[in-house]
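Coordinate inspection notes
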Amino acid sequence: MSVEVASASPFGLGKFLVLEGIEGSGKTTQLTYLEQELTALGHPPVLTREPGGTALGERLRGLLLDPDLPGMHADAELLLMFAARAQHLAEVIRPALEAGRWVVSDRFTDASYAYQGAGRGLGMQRIGVLEDWVQADLRPDLVILLDIDPAAGLERALQRGRRDRIEREALDFFARARDAYRARAEADPARYLVVDAADTPEGVRERILAGVRARLANAAQGRGDGGG
Ligand SMILES: Nc1ncnc2c1ncn2[C@@H]1O[C@H](COP(=O)(O)OP(=O)(O)OP(=O)(O)O)[C@@H](O)[C@H]1O
Ligand SMILES: [Mg+2]
């Protein structure tokens, strides 16, 4: 059976890792490092991002980030995010995991809780309904939360130039998003690795690597007693 073939990996089927955090927290920077580290550990990952990751998703990303669409309704924003996510799951994430590949995504559903649920004030319950609908029982194995003060993160991000539609939000929007990320991590510590993203890129990288190694060791130990 395909399950037995895929468990040739010492850690079983493919794992789904997500990098989260507000603007400028260093997700894209750390994605490249994480790829190198997982490859060295024997799990060369599929790298992807949200919103995006597919042809449809990248088009939707263009709409979502377009500063020339300032009047986008919060519900429309949320539903476009989940439309992109449905395509991403069907076309990229599920097939890779089912083939035993590891997947690392630059943002996933925690960002919807943080930005649309808390930032836009839509509430967590609505995000949960869409999460259950679009993902069924699929959840990330590990969410690496790069935690940073919003002013410091935005200052980094804005060095890139023209602000996208989301980056035009006020600081308190990102403060609400950060708080929501942290609350989710606190509520489910086994699934989250919170890293102080104000450290140097190398420092952040080392903490992520240490955390991922520790989780993998635990996962390997936990196999066989229902921990998988
Ligand atoms: N630990 C760090 N210390 C200082 N600067 C950093 C650090 N990590 C990343 N940077 C720089 O900050 C900027 C933003 O980093 P990066 O693009 O990785 O953030 P991001 O979380 O992907 O942001 P966004 O959400 O906007 O995509 C880049 O110019 C990057 O080089
Ligand atoms: Mg980025």
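Notes on the structure follow. Quick caveat, the model's predicted, so the values are computed rather than measured. (Residues numbered from 1 in each chain as written. Chains lettered and ligands numbered in written order. Predicted model: local features only at pLDDT ≥ 70, side-chain atom pairs only at ≥ 80, totals over all residues.)

1. Some thoughts on the overall build of the protein
In terms of helices and strands, the protein carries nine helices and five strands. In the protein, the succession of α and β elements from N to C terminus is α-β-α-β-α-α-β-α-α-β-α-α-β-α. For the protein, the C-alpha radius of gyration of 17 Å lies close to 17 Å, the compact-globule estimate for 228 residues. With the C-alpha coordinates aligned to their principal axes, the bounding extent of the protein is approximately 50 × 35 × 30 Å. A total of 228 residues make up the protein; the buried ones form 36% of that total. Once local pairs closer than 6 in sequence are excluded, the contacts in the protein between residues at least 24 apart make up 81%. (Helix = DSSP H or I, 4+ residues; strand = E, 2+ residues; numbered from the N terminus. Rg over C-alpha atoms; globule rule 2.2 N^0.38 Å. Buried ≥ 20, exposed ≤ 12 C-beta atoms within 10 Å, placed from the backbone. Contact = placed C-beta atoms within 7 Å.)

2. So, the pairing of strand β3 (residues 103-106)
Of the two faces of β3, the one carrying V103 and S105 and the one carrying V104 and D106 are both buried. Sheet topology places strand β1 (residues 16-20) next to β3; four bridges connect them, and they run parallel. Residue V18 lies in a different strand from β3, and its bridge partner there is S105. Looking at chain direction, strand β2 (residues 46-49) and β3 are connected through four bridges and run parallel. Among the inter-strand pairings, V46 is bridged to a residue of β3, identified as V103. (Pairing = 2+ DSSP bridges.)

3. Things to note about the nonpolar core
Residues V18, A114, I144, L145, L146, A177 and V195 are the most contacted members of the largest nonpolar core, which totals 36 residues. A total of five residues in this core trace back to one element, the largest contributor, which is helix α5 (residues 109-119). Residues in contact with I144, not counting those within four places in the same chain, are L17, V18, L19, E20, L193, V195 and I208. In this structure, L60, L64, M81 and A84 belong to the second largest nonpolar core, which totals five residues. (Core = buried A, V, L, I, M, F, W, Y, C linked by C-beta atoms within 7 Å.)

4. A word on the site of ligand 1
Residues in close proximity to ligand 1 total 15 residues, the closest being G26, K27, T28, T29 and R156. Among the elements of the structure, α2 (27-40), α7 (150-158) and α9 (201-222) are those that each provide at least two residues to the shell around ligand 1. In terms of residue count, the dominant contributor to the shell around ligand 1 is α2 (three residues). Partitioned by chemical class, the residues of the shell around ligand 1 number three nonpolar, eight polar and four charged. (Near = placed C-beta within 6 Å. Nonpolar A, V, L, I, M, F, W, Y, C, P; charged D, E, K, R; others polar.)

5. Examining helix α6 (residues 124-135)
With 12 residues, α6 should reach 16 Å at 1.5 Å per residue; the first-to-last C-alpha distance of 16 Å fits that figure. After α6 finishes, the residue A136 shows a positive phi value of roughly 50°. (Expected span 1.5 Å × (residues − 1).)

6. Thoughts on the environment of G100
The topology assignment puts G100 in the loop between α4 (74-98) and β3. Residue G100 is classed as partly exposed on the basis of its C-beta count, with 18 C-beta atoms lying within 10 Å. Spatially, the C-alpha atom of G100 lies 4.1 Å from that of G14, the residues being 86 residues apart in sequence.

Worth remembering: the numbers are spatial, not functional.
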